[in-house]
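Listed below, chain by chain, are the residues.
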Amino acid sequence: MKSRRSNVPAIAAAKAGFSTASAYRIEADPRLPSQKKTPRGRRRPDPLAGVWDSEIVPMLEAAPDIRAVAIFEEICRRAPSLAPGVRRTLERRITGWRALNGPERDVIFRQEHPPGRMGLSDFTDMSGLGITIAGEPLAHRLYHFRLGFSGFEHAHVVLGGESFVALAEGLQNALWALGGVPDQHRSDSLSAAFCNLDRDAKADLTERYEELCAHYGMTPSRNNPGVAHENGSIESAHGHLKNALRDELLLRGARDFADLAAYRRFIDEVVGRRNARNRKRIEIERAALKPLPDRRTTDYEEARVLVTSSGGFILRRVFYRVPSRLIGHRLNVHLYDDRLDCFLGSTQLLTLRRGRPPQGSNKHAHVVDYHHVIHALRKKPMALMNLVYRDQLLPRPAYARAFQALLSERSEKQACRTMVGLLALAHDRACEAELALAIEVDLAAGALPDLDRLRERFQPDRAMIPEVAVALVPLAAYDELAAVGASELALVREGGVA
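Within every chain, residues take consecutive numbers counted from 1 along the sequence as written. Under the rules for a predicted model, residues below a pLDDT of 70 receive no local features and side-chain atom pairs below 80 are neither given nor counted, while totals for whole chains, interfaces and linings still include all residues. Here the side-chain values reflect all heavy atoms present in the structure, with hydrogen atoms and water set aside.

Q: Would you mind showing me how to read the overall build of the protein here?
A: We count a stretch as a helix when DSSP gives it H or I for four or more residues in a row; a strand needs E for two or more, and each element gets its number in order from the N terminus. In terms of regular secondary structure, the protein is built from 20 helices and 15 strands. Here the C-alpha radius of gyration of the protein, 39 Å, is well above what a compact globule of 498 residues would show, namely 23 Å. Taking the principal axes of the C-alpha coordinates as reference, the protein spans close to 145 × 85 × 55 Å. The classification of residues rests on relative accessible area computed with a 1.4 Å probe and restricted to protein chains. Under 20% of the type maximum is buried, over 50% is exposed, and intermediate values are partly exposed. Evaluated residue by residue, the protein yields a buried proportion of 37% over its 498 residues. C-alpha atoms define the radius of gyration, and 2.2 Å times the number of residues to the power 0.38 defines the globule rule.

Below, the structure is given as structure tokens:
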């Protein structure tokens, strides 16, 4: 091509290595080879020629969002002679028509997040990971916090729904772990928390959220309901975090954890390693964050309850059992996502696991501890037979299986007495887990638990009790001490007078 500019066609052709005739032919028609080709026509008849303009295009104009497969099924009903193999042809034709004649689509505007400007919160469902706690499936969500610039993350296990309590606790944990406060905080409108709330309840929830942000000096904002991409800086991070957790679970080789605390430590370790990879950007953003306030603010709901003669109280369709000495007293209760802190006045008495009522039912749930009622069951063992919360009272599956075995082999009275005796033994000797293993061994051997043998097995080891010998001093020794003390006092007085 360069020789063509400065030489005649014959010389340029010689340098290029082809004939002079080809050079003059190229000069006569300067089009590119690809432009000289005539467009290829159809090699077979158009299978959609009879229905495209008359049937399919009107459907697309009337319902632009209709799926191609729905159009294909409808056309097959209208024209049974249409071959099933034209589905891909129809889909490609519809895709091309929409590109030329379809409606305008939403545009995603990529945003820049300067350091310290934006923190985002959202909840994500974790049921797909199949986590179990001591063999029991754990229905839970993760509260997920993320900084827009550096990608700093914090995750908090949530056992209930997307409530304000879960948001307040998770957000404050994240901010104090971060060591600073961003200028703005964005949430996803707390869609689950707002669901089925009346206008006053929604206003109260909005006011509490704004007060939480005001305490930390953040400007609150929410994305529009149902528009997830407005919260995209954290929505996409949900998938990355879940994939990281899934990989770590595969490397761990098990999805079962001994308790909830162990699972929370696992989550913290995974998130901590992800933050370590972004350490440099996080340090840059930390310098731009606002300082934390002097203290945290309220991240719980308050309630006041009366302990009834049943030895407990009902709160939000859940019966909670407390020590019987509190019957007749009114307690102040702080409701967190996973627990209840109970106060008598300003004195904290105990912490209870938070229960959840069964979904789609008007029945109550029960949170009970056999330690609170064992003293009363010893007096009335037959009360166990038809106790409303009997299944929740038995602490482990082994105790429940033992009670069923006792009922099938013995009378109700004997079964209740033996079962109460087993619970009392577990309470007195603090051997609940060891006793459950012993019961499992007896049941596996086809034998019922022998209460006398188990009491003997779990009684204190006499060899471990030290023998203390107390030697009593004769009373006459005290008289001698008194006499010596009197003589020394007399000498001191005589010296002082002299």
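Q: Can you walk me through the pairing of strand E4 (residues 141-147) in this structure?
A: When a strand is regular, its side chains alternate between the sheet's two faces. Here E4 lies mainly inside the structure; six of its seven residues are buried. Being paired, for any two strands, means DSSP has found at least two bridges between them. Sheet topology note: the strand E1 (residues 118-125)/E4 ladder contains seven bridges and is antiparallel. The residue of E4 that forms the bridge with Asp 125 is Arg 141. Sheet analysis places E4 next to strand E5 (residues 153-158), joined by six bridges and oriented antiparallel. Following the sheet pairing, Arg 146 is matched in E5 by Glu 153. Taking the residues that link successive antiparallel strands as the turn, the E4-E5 hairpin has five residues, and the phi of Gly 151 there is positive, at about 80 degrees.

Q: Explanation requested: the packing of helix H2 (residues 9-16) against helix H3 (residues 20-28) in the structure shown.
A: For any two helices packed against each other, one specifies the crossing angle of their axes together with the interaxial distance. In this description, a line fitted to the C-alpha atoms serves as the axis of each element, helices being fitted only across the stretch in contact, and the angle between N-to-C directions of two axes falls anywhere from 0 to 180 degrees. Two elements in contact, H2 and H3, have axes whose closest approach is 8 Å; the angle formed by their N-to-C orientations is 115 degrees. Between H2 and H3 the crossing geometry is right-handed. Facing H2, whose interface residues are Pro 9, Ala 10 and Ala 13, H3 presents Thr 20, Ala 23, Tyr 24 and Glu 27. Of the residues in the contact of H2 with H3, the class split is five nonpolar, one polar and one charged. By definition, turning the near helix anticlockwise from the far helix through less than a right angle yields a left-handed crossing, and turning it clockwise yields a right-handed one. Throughout, a contact is declared for two residues whenever any of their heavy atoms are within 4.5 Å. Each residue is assigned to one class: nonpolar for Ala, Val, Leu, Ile, Met, Phe, Trp, Tyr, Cys and Pro, charged for Asp, Glu, Lys and Arg, and polar for all the others, Gly among them.

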